[in-house]
Structures are given as structure tokens and as C-alpha cells.
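Descriptive analysis of the structure
Spelled out, the chains give:
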Amino acid sequence: MAVMAKPVLVVVADEDTTLQALTGELESRYGAHYQVVSSSSAEMALARLAELKAAGADVPLVLADQQMPGMSGTQLLARVRQFFPTARRGLLIPWGERSTPAPFLEAAALGQLEFYLNKPELSPDEQFHRVITGSLEEWWRERGRRS
């Protein structure tokens, strides 16, 4: 019986510094149990999600930056369901961003995402990790823990 690959955490942001910070933060905390896949555009992320689905991977979590050219984070997260119906979807917003809750609340009401969180500011960003760990817990709980 083949050993299942690690579940995949997908992170999407168009700014290099944001993407590097997110990827580093996730890998340092969760790298032992999860693979982190980062994409610099929504289109690239959708292509990766299709590949992961075809490969039979598990994706418990998709994080997307709201402000991206071409397709916003909320639009991307709305499309994650077609690949991974159980993935928890989080919208990344900059610290002190006041205008963000409106698109977030609308998207959440439409069932397009589960939560939003501030981009990590410093490392380790425990507030960021509390949200991530909570959503991973929910994902495992929904699966009846490990099968």
C-alpha cells in the first residue's frame, strides 16, 4: 500500500515578499506534516489545484491574498470547492485594512470562504498560527480524524 503524500497547504499571493513570508511561516511551523505549495497568481493556483486533485492529494487549506491582478482572492477561493470541497479557505488581508470586511462578509455569506486573517507581520506570528491551526483542526475533525 502506497504511503499517502503529506496533505498540501496552498498559499497564493502576487507580491514576492508576502508569498515568501507566508511560505516560510507555514513551512517552519507545519512542514513536518504538510507540504506547502505557493503560487504567485490565481491562475497558477487553479492549475496547481487541478494537478493536486488529479494526483489524489489532500488539500486541507487554501490561503489567498485578496488584492491580486486578474482575479481577486475571494473569486479564487470561490472556485476552490470544485477541486477540494472540504478545504478550508482563508482570505489574507493586510494589517489595519479597514475596507476588507465588506467583500469578505459578502463572500462568506455566499459560502465562498470560511475565514479571513491578517498576513503575518513578524515571525513567529502566533495570532496567524492560531487561526491556521484552528482551521486544520476543523478539517481533520470533519474527516473523522485520521482514517
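That block above? That's the structure.
Residues numbered from 1 in each chain as written. Predicted model: local features only at pLDDT ≥ 70, side-chain atom pairs only at ≥ 80, totals over all residues. Heavy atoms only, no water.

Points about the pattern of salt bridges
Spelled out, the test is: The term salt bridge refers to a pairing of a side-chain nitrogen on Lys or Arg with a carboxyl oxygen on Asp or Glu at a separation within 4 Å. Strands here mean DSSP runs of E at least two residues long; helices mean DSSP runs of H or I at least four residues long; both are numbered from the N terminus. Per-residue accessibility, obtained with a 1.4 Å probe over protein chains only, is compared with the maximum for each type, and a residue is labelled buried under 20%, exposed over 50%, and partly exposed between these values.
Taken as a whole and judged by the stated rule, the model has eight salt bridges. One salt bridge connects Arg48 with Glu51, and the closest N-O pair in it is separated by 3.5 Å. One end of the pair, Arg48, and the other, Glu51, are both in helix α2 (residues 42–54), three residues apart, so they sit about a helical turn from each other. Residue Glu114 is joined to Arg89 by a salt bridge in which the shortest nitrogen-to-oxygen separation is 2.8 Å. Taken as a pair, Glu114 in the loop between α4 (101–109) and β5 (115–118) and Arg89 in strand β4 (residues 88–93) lie far apart in primary sequence, 25 residues in all. Judged by relative accessible area, Glu114 falls into the partly exposed class, the value being 27%.

Some thoughts on the packing of α2 against helix α3 (residues 73–80)
Our working rule: Axis definition: a line fitted to C-alpha atoms, over the contacting stretch in the case of helices. Angles run 0 to 180 degrees between N-to-C directions. Convention used here: angles under 35 degrees read as roughly parallel, angles over 145 as roughly antiparallel, angles from 65 to 115 as roughly perpendicular, and any remaining angle as oblique. Residue contacts are defined here by distance: any two heavy atoms, one from each residue, within 4.5 Å place the two residues in contact.
Running from N to C, α2 and α3 point in directions that differ by 10°, and their axes come no closer than 10 Å. In terms of axis orientation, α2 runs roughly parallel to α3. Contacts between α2 and α3 involve Ala42, Ala45, Leu46 and Leu49 on the former and, on the latter, Leu76, Arg79 and Val80.

With respect to the packing of aromatic side chains
This is how it is decided: The aromatic pairing rule takes the rings of Phe, Tyr and Trp, using the six-membered ring of Trp, and pairs them if the centres are within 6.5 Å, calling planes under 30 degrees apart stacked, those over 60 edge-to-face and the rest tilted.
By the definition in use, this model includes two aromatic pairs. Relative to Trp140, the ring of Trp139 has its centre 4.8 Å away and its plane inclined at 80°; by these criteria the two rings are edge-to-face. You'll find Trp139 and Trp140 in the same group, each marked buried.

A few points about the environment of Gln66
As for its position among the elements, Gln66 is in the loop between β3 (61–65) and α3. According to the relative accessible area criterion, Gln66 is buried, its value standing at 11%. Sequence separation of Gln66 and Ile93 is 27 residues, and the distance between their C-alpha atoms is 6.4 Å.

Observations concerning unusual backbone geometry
Here Ser123 and Pro124 are connected by a cis peptide whose omega angle stands at -5°. Relative to the assigned elements, Pro124 resides in the loop between β5 and α5 (126–142).

Examining the pairing of strand β2 (residues 35–39)
Formally: One requirement defines pairing of two strands: DSSP has to find at least two bridges between them. Note on handedness: a clockwise path from strand one over the helix to strand two, with the strands aimed away from the viewer, defines a right-handed crossover.
Examined bridge by bridge, strand β1 (residues 8–12) and β2 share five bridges and lie parallel to one another. Paired with Val10 across the strands is Val37, a residue of β2. The β-α-β motif built from β1, the intervening helix α1 (residues 16–30) and the parallel element β2 has right-handed crossover chirality.

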